[in-house]
Amino acid sequence: MRRPIYLDYQATTPLAPEARDAMLPLLDAAFGNPHSPHRMGREAKAAVELARDWIAAPFGPGGRLLFTSGATEALNWAIKGIAETAGAARPRIVTTAIEHAAVLDTVGWLAGRGHDVVVLPVGRDGIVDLDAARAAIDGRTALVVAMLVNNEIGTIQPVAELGALARAAGAVMLCDAVQGFGRIPLSVEACDLIAISAHKIHGPKGIGALWLRDGVTPAPLMHGGGQEGGLRSGTLAPALCAGFGVAAALAGERIAADAAHVERLWRRALAGLGDGWTLNGSAERRWRGNLNVRREGLDVGRLMSELRDVAFSAGSACASGSGRTSHVLTAIGLSAADARSSIRLGFGRYTTVEEIDEASAMIREAAARQAMLAA
């Protein structure tokens, strides 16, 4: 059976062969616990620390990078941990309307426990309103949270500006860089905490990391052995760390080549889809590996059912099957009907031009058939 053309890179990315090769020995003979003092443990720990160095390279000197089970844990830990350490003196948390559920649900949980949560609006272009941010970020603010690249529409947020506002107010800046790490430069100097994930950069699932600026210490989310810097407990998986490390090193080496490849695919996809589509979010301030478009009257459920040989999304993969309208698309001003007529195509390093041409033609033709039958 033919494998589908994979166009869902925001949900996850194919595992890089180099990352797989790095993982296999640590799943086989070199299976030691990296926290054990004997030779096998020390060898496993060496693999973990080498991976940590590779992943931390884009952050520059200073700070520390601690492994987590994924970005959801990293974001929960950072948000709850900073809120706890700030206490009642700084009850405010400021974030944006288009954050991932791992952020919005976490700050919502804190709101139910007395924290003052401010959710900033975004424009039709999917970019946060900086005037609203200036008004909201004040001396009561403990934490500002914003994603670098949006997972649904690919827009790039002004993290540096938000970080400067946070710093001026004495607040901590947390960046969800899951969709941007390894793809675009990080605004490290503006951030105090940065969450990342392996499986968005051709690494394995089940591992992420939280980078902490020196002096920033969120309260632990989990208690136990304190294996990661005394702050995060649990036995690390050396194979996952190694896969993450190699994937990060490759992303750093290939960042320019990957971006050029994605730019070419973006242009081919737009041309291949033809007329009648409207782009959701900014075309300029965007990661071009994300093409979120809508077509009036399109039945996306039917489209996906007809195109079983193309793997794409009807919004954020994390919300698939929920039946809820995308909060990101409604935040940029789309009606429920427009949001439901939107699709997201995600592509990257291992996507070929031929796959983009074939998939976009299939989508174009299926959408045209729907329009003809509806006329």
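Structural data are supplied above this passage.
In this report, the structure presented in the accompanying data block is examined. Small disclaimer: the values here were computed from a predicted structure and weren't measured.

Within the chain, the regular secondary structure consists of 11 helices and 12 strands. Relative to its length of 375 residues, the chain is compact, with a C-alpha radius of gyration of 21 Å against a globular reference of 21 Å. On the principal axes, the C-alpha backbone points of the chain span a range of 70 × 55 × 35 Å. For the chain, buried positions account for 53% of its 375 residues. Within the chain, contacts between residues separated by at least 24 positions form 75% of all contacts whose residues are at least 6 apart in sequence. Accessible surface, the chain: about 15700 Å² in total, of which carbon and sulfur atoms supply 55%. Charge separation in the chain, taken as the distance between the mean sites of 38 positive and 38 negative side-chain charges, equals 2 Å.

What follows deals with the packing of aromatic side chains. Under the counting rule described, the total for this entry stands at four aromatic pairs. Ring plane angle 20° and centroid distance 6.0 Å describe the contact between Phe 59 and Phe 181, whose orientation is recorded as stacked. Of the two residues, Phe 59 sits in the loop between helix H2 (39-56) and strand S2 (64-68) while Phe 181 sits in the loop between strand S6 (172-176) and strand S7 (193-197), which places them 122 residues apart along the sequence. Each member of the pair, Phe 59 as well as Phe 181, is classed as buried.

In this section: the pattern of salt bridges. Think of it this way: side chains of opposite charge can pair up when their charged atoms draw near. Enumeration over the complete set of coordinates arrives at 20 salt bridges. Measuring nitrogen to oxygen at the nearest pair gives 2.9 Å for the salt bridge that ties Glu 263 to Arg 267. Of this pair, Glu 263 and Arg 267 both sit in helix H7 (residues 238-273), separated by four residues, roughly a single helical turn. Overall, Glu 263 belongs to the partly exposed group, its relative accessible area being 23%. For Arg 267, a relative accessible area of 53% puts it in the exposed group. In this structure, Arg 268 engages Asp 357 in a salt bridge whose closest nitrogen and oxygen atoms are separated by 2.4 Å.

Positive phi is not limited to glycine here, since His 202 has a value of about 70°. Within the secondary structure layout, His 202 lies in the loop between S7 and strand S8 (208-212). Taking relative accessible area as the criterion, His 202 reaches 5% and is therefore assigned buried.

In this section: the pairing of S2. Remark: a regular strand shows side chains that alternate across the two faces of the sheet. Most of S2 is tucked away: four of the five residues are buried. For S2 and S8, the ladder comprises five bridges, and the chain directions are antiparallel. Directly across from Leu 65, in S8, lies its bridge partner Trp 211.

What counts, and where the lines are drawn
Residues numbered from 1 in each chain as written. Predicted model: local features only at pLDDT ≥ 70, side-chain atom pairs only at ≥ 80, totals over all residues. Heavy atoms only, no water. Helix = DSSP H or I, 4+ residues; strand = E, 2+ residues; numbered from the N terminus. Rg over C-alpha atoms; globule rule 2.2 N^0.38 Å. Buried < 20%, exposed > 50% of the residue type's maximum accessible area, 1.4 Å probe, protein only. Contact = heavy atoms within 4.5 Å. Areas by Shrake-Rupley, 256 points an atom, 1.4 Å probe, with all protein chains shown as cover. Lys, Arg positive; Asp, Glu negative; His and termini not counted. Charge placed at Lys NZ, Arg CZ, Asp CG, Glu CD. Phe/Tyr/Trp six-rings, centres within 6.5 Å; stacked < 30°, edge-to-face > 60°. Salt bridge = Lys/Arg side-chain N within 4 Å of Asp/Glu carboxyl O. Pairing = 2+ DSSP bridges.

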